[in-house]
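Coordinate inspection notes
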Amino acid sequence: MNSGPLPLLPSPPVTPNTRSERDESKDLTWAMLLARWTEFARASVALPRKGEQGRWRSAVADIIGLQALAQAMGEVDELVRPGERTLGLDLADIQIKAHARNLHEIWKDAPLPEQLVDLIDDARAMHTACRNAGVEWSVASEQLMAEHPSALVEVLRVMGFKGDLYVPTPGVTLFQTCPAIYLSMPGGEIPDEEIMAVIDAHAGWEGELAEPERMYGMRQAYRQFDFLRGGALRDVVLPVDAGLPGGQPLLVCAIRAGEAQGVTLPPRKSAPMNPLPVEFLEEAPPPPPLPPR
């Protein structure tokens, strides 16, 4: 008999999928996704019915439920029937809240174990990531410069696009691997192929874009400068919810919730820039310490 808490399965990492990785022939339902991972997570051991171990025994169903939800949400883009992705995430939100409420009730007279706090947070984070999912195009050529996005914005608005679109700041050079475009639909839905094709076919870039990637949230690029020596130092890329690293944001919002946004005109052309290193971070670095007084 196991004398310790029920071991938790590892939470699924949030990883982007490319369009080519999505097999649109799979006609899955939300229930099927849950069943797949619930069966996988069902292995549990006999635990006593009283004391602290009794709490863990009572919590098994909610532990399995949260893990099954997190795993299923990691594959929610495989739901191809109209509206089922949104419905699945709505149901997931309700179920996450129910499981969290049950666990807090089981430990109502004691602090909730840190493992379970992390499990609830992971499920909530995955749900948020799925709601914020979009598509990113990065720079494939050595560099890329964009013209003003007014023509692209007009085409998308005529098509009835209701999502968000971020583009390079007009006239600013981006370098290879740097995110250049981020497009997201309401609720993180997968964009129609027609909308994707408009981005792929747009002629407003001096340079080449890489194949689009499905991303769980936007990444922003920031140009950092060496003010002592003068000039740009590097471009730093990190998720928009990971803090501010300092520097000039390179992507600007051209459409928000289907409405065109004001984008500045490109500056006068200047001398070509030398390539800058593009560095990818998971979170913003801490600010430098203050100088001694």
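Structure: above.
Residues numbered from 1 in each chain as written. Predicted model: local features only at pLDDT ≥ 70, side-chain atom pairs only at ≥ 80, totals over all residues. Heavy atoms only, no water.

**Quick word on the sheet that holds strand E9 (residues 219–225)**
With mixed pairing, the 4 strands of this open sheet are ordered in space as E11-E9-E10-E14. On the outer flanks of this sheet lie strand E11 (248–249) and strand E14 (278–280), each paired with one strand and no other. In this sheet, strand E10 (residues 232–239) lies alongside E9 in antiparallel orientation, the contact comprising 7 bridges. What sits directly across from Phe 225, in E10, is Ala 232. (Pairing = 2+ DSSP bridges. Helix = DSSP H or I, 4+ residues; strand = E, 2+ residues; numbered from the N terminus.)

**Considerations on the packing of aromatic side chains**
Here a ring pair, both rings aromatic, is described through the centre-centre distance and the interplanar angle of the planes. Overall, the coordinates contain 1 aromatic pair when judged by the stated rule. Note on Trp 56 and Trp 107: the rings are 5.4 Å apart at their centroids and 80 degrees apart in plane angle, and the pair reads as edge-to-face. On the criterion of sequence distance, the pair formed by Trp 56 in helix H2 (residues 51–73) and Trp 107 in the loop between helix H3 (84–106) and helix H4 (114–131) is long-range, its members being 51 residues apart. Taken as a pair, Trp 56 and Trp 107 share a single burial class, namely buried. (Phe/Tyr/Trp six-rings, centres within 6.5 Å; stacked < 30°, edge-to-face > 60°. Buried < 20%, exposed > 50% of the residue type's maximum accessible area, 1.4 Å probe, protein only.)

**A look at the environment of Arg 223**
By the element assignment, Arg 223 lies in strand E9. Among the residues examined, Arg 223 registers a relative accessible area of 3% and is labelled buried. Placed 24 residues apart in sequence, Arg 223 and Gly 247 show a C-alpha to C-alpha distance of 5.1 Å. Residues contacting Arg 223, with those up to four places away along its chain left out, are Val 172, Thr 173, Leu 174, Phe 175, Ala 232, Arg 234, Asp 235, Gly 247, Gln 248, Leu 250, Met 273 and Leu 276. Among the polar contacts listed, one links the side chain of Arg 223 to the backbone oxygen of Thr 173, at a separation of 2.7 Å. (Contact = heavy atoms within 4.5 Å. Polar contact = N/O pair within 3.5 Å; in protein donor to acceptor, adjacent residues only side chain to side chain.)

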